[in-house]
Amino acid sequence: MPKYMNLTRVSGSQRPRLDFELDGARCGALEGDTVLTAAVMRDGYVRRSEFDQGMRAGFCWMGACQDCWVTIEGRGRQRACATVVEQGMRVKRS
Amino acid sequence: MTAAVAIIGAGPAGVRAAEVLVRAGVRPRVFDEGLAAGGRIYQRPPGAFKRSAKELYGLEAAKAERVHNIFAKLEKYLDYRPQTLVWDIAGKTLFTLTGGTAYGTETFEQIIIAPGAVDRVMPLPGWTLPGVTTLGGAQIALKTQGVAIGEKVALVGSGPLLWLLAHQYVQAGAPLAALVDTTSFAAKARASAAMMAGDAATTLKGVYYTATLRLKRIPIHEGAVPVAIRGEERPRELLIKDGKGRDVTIACDAVALGWGLKPETRLADIAGVPFDYDEVQQNWIPVREMSGKTAVQGVYLAGDGARIGGADMAELAGARAAWAVLGERGAFVDEDEVNRLERALKKEAAYRDVLDKLFPFPSEILAGLPEETVLCRCEGVSIAGLKRTCAADAVAMTPLEVNRAKAFTRVGMGRCQGRMCGHTASEILARELKCGVREAGRLRAQPPVKPVPLVPVTTEALT
């Protein structure tokens, strides 16, 4: 259980598995996971606040609060909640 | 390329607007930030999920399927642009960003702006911890990703979504630590007759959700005041004062909060639509006629982005706005259908009025928060930061209002552009200035309406 957000799968878990790269390390995901879901499922957070050094794990989950920014290779800065994981995708957190 | 009619948003309002236009032989261009039509209310999980509409939308499954099916039938008759943010409007030109990388410009003759709404939140000590989300966020996590925000979730706020979400978490087998409603049971009991008269079916759904939660013995606190979320790496407990003023500590590992919704109005603002402060909804809303027509030629508004009314009202308003567009274009207008829509809209509006008065934004709780509470979660500015700057620079900032306060404190200037904090900053400012929220001013929108990457752009690309 990650020590930050305790995101928990409750349904729809029978999906094919994918791998992507999160800060250079392999991260598993299920097909259809957003980068936010996959990152938070593994580590409990998706980025570090620039101002208080606290971890963040998304807030609105609908593309409005901008609290889940990550950098995706080839695409630049994106909202993790609005980006579906693709096999081999390379994601960097702040 | 010019599309005669543009629609922004593919939620219930956008889909119904598109339906009316397509039937009249117009091919609208529909811009949608989502991956697929449905909006946030009827948002679908990505393709790999195999879940029934019943599982996803519960009692609203039939409505969700209807909206999805309408759009599926329409799709070949319209120009659908999913994953596309419209980030600016200049005259009759839209500036777009697709997939977060591809910029474009489009022109239109008439536009129906229906971008929906976001949760109206209030800060609490501890609300920036991982594991704290909006009510809408907790719902989207469950609905589109099959995840619960924790294993012991406390829900805090007021309004229909609070109870619906609690019901959905329980149905999904996600344990709830508590439901904390800032509206009292007595207030709801007093409003029950008016609610039944206004919309019996919807009211009974609320009663059903409440009854199932009580049956499952979910701890429910009504007329309560949230005090703080405590924890180091995630919420450990939620402190409240219950309806009788007693201190209660709720052990939890996640918290979702929200007090109704606020309309997404930035594009309407940039298009030049005038605004008014709606005292009932406690939101700034763009001024429009019941038809959705605004003072700006060719600009129409529908759905929660115009004024909060919920999904059913959005369907009606979307269709109504499309008829208004057809009228402006000199096409045939089915007056009987327009009258039917307007009667239904009036009925929905009356019901909404009862709900809005029953579930007000808890300004007095906001006023009682400790000064060190983070107000702006983008940049970590506290309530004290806003108050102190305003007091210290009151002379320099004359006349002091929310846009000046934003410039001096950066509250509302962060990456969410005031979506999470703007309304609470206005409330706090109004109290400091001893004036109404209306007099404290309205946070003006600036393009881009959401942050977009800065890339070298040639002048040709903009023409």
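Please refer to the structure placed before this passage.
All of these numbers come straight from a predicted model, not from anything done at the bench.

Asker: Describe the overall build of chain A, with residues and values.
Answerer: When helices and strands are counted, chain A shows 1 helix and 8 strands. Along its sequence from the N terminus, chain A presents helices and strands in the succession β-β-β-α-β-β-β-β-β. For chain A, whose C-alpha radius of gyration is 12 Å, the value lies close to the compact-globule estimate of 12 Å for 94 residues. With 94 residues in all, chain A has 59% of them scored as buried. Long-range pairs, those at least 24 residues apart, make up 42% of the contacts in chain A between residues at least 6 apart in sequence. Carbon together with sulfur atoms contributes 46% to the accessible area of chain A, which is approximately 3,900 Å² in total. Within chain A, the 11 negative side-chain charges are centred at a point lying 2 Å from the centre of the 15 positive side-chain charges.

Asker: Go over the pairing of strand 4 (residues 84-90) of chain B, please, and point to the residues and values.
Answerer: All names here are of chain B. Taken across its 7 residues, strand 4 has 6 buried, putting it largely inside the fold. Relative to strand 5 (residues 93-98), strand 4 runs antiparallel, the two sharing 6 bridges. The residue of strand 5 that forms the bridge with Ala90 is Thr93. In sequence, strand 4 turns back onto strand 5 through a hairpin of 2 residues, with Gly91 there showing a positive phi of about 60°.

Asker: Residues and numbers for the interface of chain B and chain A, please.
Answerer: With 52 residues of chain B in contact, the opposing surface of chain A contributes 44 residues. Summed over both partners, the interface of chain B with chain A comes to about 3,900 Å²; 56% of that surface belongs to carbon and sulfur atoms. Area buried by chain B at its contact with chain A is led by B:Gln145, B:Arg234 and B:Arg415, which between them contribute 17% of it. Put simply, chain B and chain A have 4 salt bridges between them. Here B:Glu33 and A:Arg79 are joined by a salt bridge, their closest N and O atoms 2.8 Å apart.

Asker: With reference to specific residues and values, describe helix 5 (residues 160-171) of chain B.
Answerer: The periodicity of an α-helix, 3.6 residues per turn, causes residues three or four places apart in sequence to face the same way. All names here are of chain B. Between the first and last C-alpha of helix 5 there are 17 Å, a value that for 12 residues agrees with the 16 Å anticipated at 1.5 Å per step. Within helix 5, 9 of the 12 residues are buried, leaving the element largely enclosed by the surrounding structure. Three or more residues of helix 5 are buried, namely Leu162, Trp163, Leu164, Leu165, Ala166, His167, Gln168, Tyr169 and Val170. Backbone geometry just downstream of helix 5 places Gly173 in the positive-phi region, at approximately 80°.

Asker: Give me the lowdown on the nonpolar core, citing residues and values where you can.
Answerer: Ranked by size, the top nonpolar core spans 100 residues in total, and within it B:Tyr169 and B:Leu257 carry the most contacts. Ranked by the residues each element gives to this core, the list is headed by helix 5 of chain B, at 6 residues. Ignoring any residue separated from it by four or fewer positions in sequence, one finds B:Leu257 in contact with A:Phe59, B:Val121, B:Met122, B:Leu124, B:Trp127, B:Val132, B:Thr133, B:Thr134, B:Leu135, B:Val156 and B:Ile229. Ranked by size, the runner-up nonpolar core spans 46 residues in total, among them B:Ala114, B:Leu316, B:Val333 and B:Leu345.

Procedures and definitions
- Residues numbered from 1 in each chain as written.
- Chains lettered and ligands numbered in written order.
- Predicted model: local features only at pLDDT ≥ 70, side-chain atom pairs only at ≥ 80, totals over all residues.
- Heavy atoms only, no water.
- Helix = DSSP H or I, 4+ residues; strand = E, 2+ residues; numbered from the N terminus.
- Rg over C-alpha atoms; globule rule 2.2 N^0.38 Å.
- Buried < 20%, exposed > 50% of the residue type's maximum accessible area, 1.4 Å probe, protein only.
- Contact = heavy atoms within 4.5 Å.
- Areas by Shrake-Rupley, 256 points an atom, 1.4 Å probe, with all protein chains shown as cover.
- Lys, Arg positive; Asp, Glu negative; His and termini not counted.
- Charge placed at Lys NZ, Arg CZ, Asp CG, Glu CD.
- Pairing = 2+ DSSP bridges.
- Buried area = accessible area lost by both parts, 1.4 Å probe.
- Salt bridge = Lys/Arg side-chain N within 4 Å of Asp/Glu carboxyl O.
- Expected span 1.5 Å × (residues − 1).
- Core = buried A, V, L, I, M, F, W, Y, C linked by side-chain atoms within 4.5 Å.

Just distances and angles here, no functional claims.
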